[in-house]
Amino acid sequence: MEPRNNTQFSKFLLLGFSEEPELQPLIFGLFLSIYLITVFGNLLIILAVSSDSHLHTPMFFFLSNLSFVDICFISTTIPKMLWNIQMQSQVITYEGCITQMYFYILFAELDDFLLAVMAYDRYVAICHPLHYTVIMNPRLCGCLVLGSWVISATYSLLHSLMVLRLSFCSDLEIHHFFCETKQLVQLACYDTFLNNTTLCFGAVIIGGGPLTGILYSYSKIVSSICGISSAHGKYKAFSTCASHLSIVSLFYFSGLGVYLSSAATHSSHSSATGSVMYTVVTPMLNPFIYSLRNKDIKRALKRFFGMETFIKRPFSPGLKNCP
């Protein structure tokens, strides 16, 4: 195939899940519903946290940031897919593809880092409850979130610049519903050794770093819980991180499943289908998992909608039914 310089073409084709015309209305309705549920659910979490002064604590600060990132994460891919289905088009411009890839990596990594930060918050709350408010002070919380943004933005920019240097072949069809980095690299006619090396090292360092932090935090949490004598105390301590642990498991196991399945089958279609789990389903389930298990969030939502009379009560940021 003839290589093309980046200035000689202006578009890619996103093939999506299926090219069958009769399936397009079903796909459109399904993903539009998921998108609206995700945005609405995560907005409710943000509104609940911002409107209730009792929830102005580190753990809910991180939760509201996660909800904001999840809205941005799903908004990076789904609206373009819905627009293409509605317009009966598969086209995405070269600039649009690079931009989508940048923001996809940015918000995916932010999800990764925020989950690690929330694990650290739970570690401090359970293992060092008496020093929780001192350690998790507003300055540290702000620095943790800001640091996550800086690292994620830098990492995303690196990958975007690496793709910009590539020349692409005449086949510009992306067998995915968004501009995924690995798919773009596979379309290149230029030597992609440096890109593939960067992808591997990025997955190990940027992806493995937060996962290592999460595993370390939970190893300490489990050790601390095992040291609690009463069954009620163990249950109370475990319930403080059950919601977070559920989201971590869903996010990492779905991502690992996509990687292993695509490596085993070399099928772009199975990779695209599997990617739905961590790019679409996980952001949608986050508000349900946190709100259903969290009494404080449910109480704040009832107050926000005027369903419950405000009752002043003491609040402790340590061990509660929290993420």
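I will try to describe carefully the structure that is included in this document.

What counts, and at which threshold
Residues numbered from 1 in each chain as written. Predicted model: local features only at pLDDT ≥ 70, side-chain atom pairs only at ≥ 80, totals over all residues. Heavy atoms only, no water. Helix = DSSP H or I, 4+ residues; strand = E, 2+ residues; numbered from the N terminus. Buried < 20%, exposed > 50% of the residue type's maximum accessible area, 1.4 Å probe, protein only. Contact = heavy atoms within 4.5 Å. Areas by Shrake-Rupley, 256 points an atom, 1.4 Å probe, with all protein chains shown as cover. Pairing = 2+ DSSP bridges. Patch = residues over 30% accessible without salt bridge, like charges linked within 9 Å, V, L, I, M, F, W, Y side chains within 5 Å. Salt bridge = Lys/Arg side-chain N within 4 Å of Asp/Glu carboxyl O. Lys, Arg positive; Asp, Glu negative; His and termini not counted. Charge placed at Lys NZ, Arg CZ, Asp CG, Glu CD. Core = buried A, V, L, I, M, F, W, Y, C linked by side-chain atoms within 4.5 Å. Disulfide = S-S within 2.5 Å. Axes fitted to C-alpha atoms, helices over the stretch in contact; angles between N-to-C directions. Parallel < 35°, antiparallel > 145°, perpendicular 65-115°, else oblique. Nonpolar A, V, L, I, M, F, W, Y, C, P; charged D, E, K, R; others polar. Arc of directions from axis to C-beta.

**Details of the overall build of the chain**
Thinking step 1. The secondary structure content of the chain amounts to eleven helices and three strands.
Thinking step 2. Secondary structure elements in the chain, listed N-terminal to C-terminal, are β-α-α-β-α-α-α-β-α-α-α-α-α-α.
Thinking step 3. Looking at the chain as a whole, 50% of its 323 residues are labelled buried.
Thinking step 4. Considering only contacts in the chain between residues 6 or more positions apart, those separated by 24 or more positions represent 80%.
Thinking step 5. Element-wise, carbon and sulfur atoms account for 68% of the exposed surface of the chain, whose accessible area totals about 15700 Å².

**Digging into the pairing of strand S1 (residues 11-14)**
Thinking step 1. By the alternation rule, side chains of S1 split into Phe12 and Leu14, which are all buried, and Lys11 and Leu13, of which none is buried.
Thinking step 2. By the bridge criterion, three bridges tie S1 to strand S2 (residues 91-93) in an arrangement that is antiparallel. Counterpart to Leu13 in the pairing with S2 is Val91.
Thinking step 3. One ladder, built from two bridges, connects S1 with strand S3 (residues 173-174); its direction is parallel. What sits directly across from Leu14, in S3, is Ile174.

**A short note on the sheet that holds S1**
Strand-to-strand pairing in sheets goes through backbone hydrogen bonds, with the strands running parallel or antiparallel.
Thinking step 1. Strands sit in the order S2-S1-S3 across an open sheet of three strands; the sheet is mixed. Since the sheet does not close on itself, it has two edges, and those belong to S2 and S3, each with one partner.

**Observations regarding a negative patch on the surface**
Thinking step 1. Negative charge collects at one region of the surface, where Glu19, Glu20, Glu22 and Glu173 lie side by side.
Thinking step 2. Mapped onto the elements, Glu19 comes out in the loop between S1 and helix H1 (24-51).
Thinking step 3. Accessibility expressed as a relative area gives 57% for Glu19, which makes it exposed.

**Re the nonpolar core**
Thinking step 1. Formed by 88 residues in total, the largest nonpolar core has its most connected members in Phe12, Phe31, Ile78 and Phe168.
Thinking step 2. Beyond its immediate sequence surroundings of up to four residues, Phe31 is in contact with Phe17, Ile78, Met81, Leu82, Val276 and Val280.

**As for the state of the cysteines**
Thinking step 1. In this structure the tally under the stated criterion is one disulfide.
Thinking step 2. The residue that forms a disulfide with Cys97 is Cys179, at a sulfur-sulfur distance of 2.0 Å. An S-S torsion of about -125 degrees defines the bridge between Cys97 and Cys179 as left-handed. Placement of the pair is Cys97 in helix H3 (residues 94-127) and Cys179 in the loop between S3 and helix H6 (181-187), with a sequence separation of 82 residues.
Thinking step 3. You can call Cys179 buried: its relative accessible area is 0%.

**Some thoughts on the side chain of Thr282**
Thinking step 1. Mapped onto the elements, Thr282 comes out in helix H10 (residues 268-293).
Thinking step 2. Classification of Thr282 as buried rests on a relative accessible area of 2%.
Thinking step 3. Discounting residues that sit within four places of it in the chain, Thr282 has contacts with Ile247, Leu250, Phe251, Ser254 and Met277.

**What about the environment of Lys220?**
Thinking step 1. Looking at the element boundaries, Lys220 is found in helix H7 (residues 193-226).
Thinking step 2. Exposure remark for Lys220: the relative accessible area of 36% places this residue in the partly exposed category.
Thinking step 3. Taking the C-alpha atoms as reference, Lys220 lies 9.1 Å from Ile126; in sequence the two are 94 residues apart.
Thinking step 4. Apart from residues no more than four positions distant in its own chain, Lys220 is found in contact with Tyr123 and Cys127.

**Looking at the environment of Gly41**
Thinking step 1. Within the element layout of this structure, Gly41 appears in helix H1.
Thinking step 2. Spatially, the C-alpha atoms of Gly41 and Ile71 are 9.3 Å apart, while their sequence positions differ by 30 residues.

**Details of the packing of H1 against helix H11 (residues 295-304)**
Thinking step 1. Remark: H1 packs on H11, axes separated minimally by 9 Å, with the N-to-C direction vectors making an angle of 85 degrees. Considering the angle they form, H1 stands roughly perpendicular to H11. Of the residues in H11, those in contact with Leu44, Ile45, Leu47, Ala48, Val49 and Ser51 of H1 are Ile297, Ala300, Leu301 and Phe304.
Thinking step 2. A class-by-class count of the residues in the contact of H1 with H11 yields nine nonpolar, one polar and no charged.

**Remarks on helix H8 (residues 231-239)**
Thinking step 1. Along H8, the residues that are buried comprise Gly233, Ala237 and Ser239. Mapping the buried residues of H8 onto a view down its axis gives an arc of 165 degrees, with all of them on the same face. What points out from H8, more than 90 degrees from its buried face, is the exposed set Ala231 and Tyr235.

**Topic: the pattern of salt bridges**
Thinking step 1. According to the stated counting rule, one finds two salt bridges in the structure shown.
Thinking step 2. Residues Asp52 and Arg303 are paired through a salt bridge, measuring 2.8 Å at the closest nitrogen-oxygen approach. Here Asp52, found in the loop between H1 and helix H2 (58-87), pairs with Arg303, found in helix H11; they are 251 residues apart in sequence, far enough to count as distant.
Thinking step 3. Judged by its relative accessible area of 15%, Arg303 falls in the buried class.

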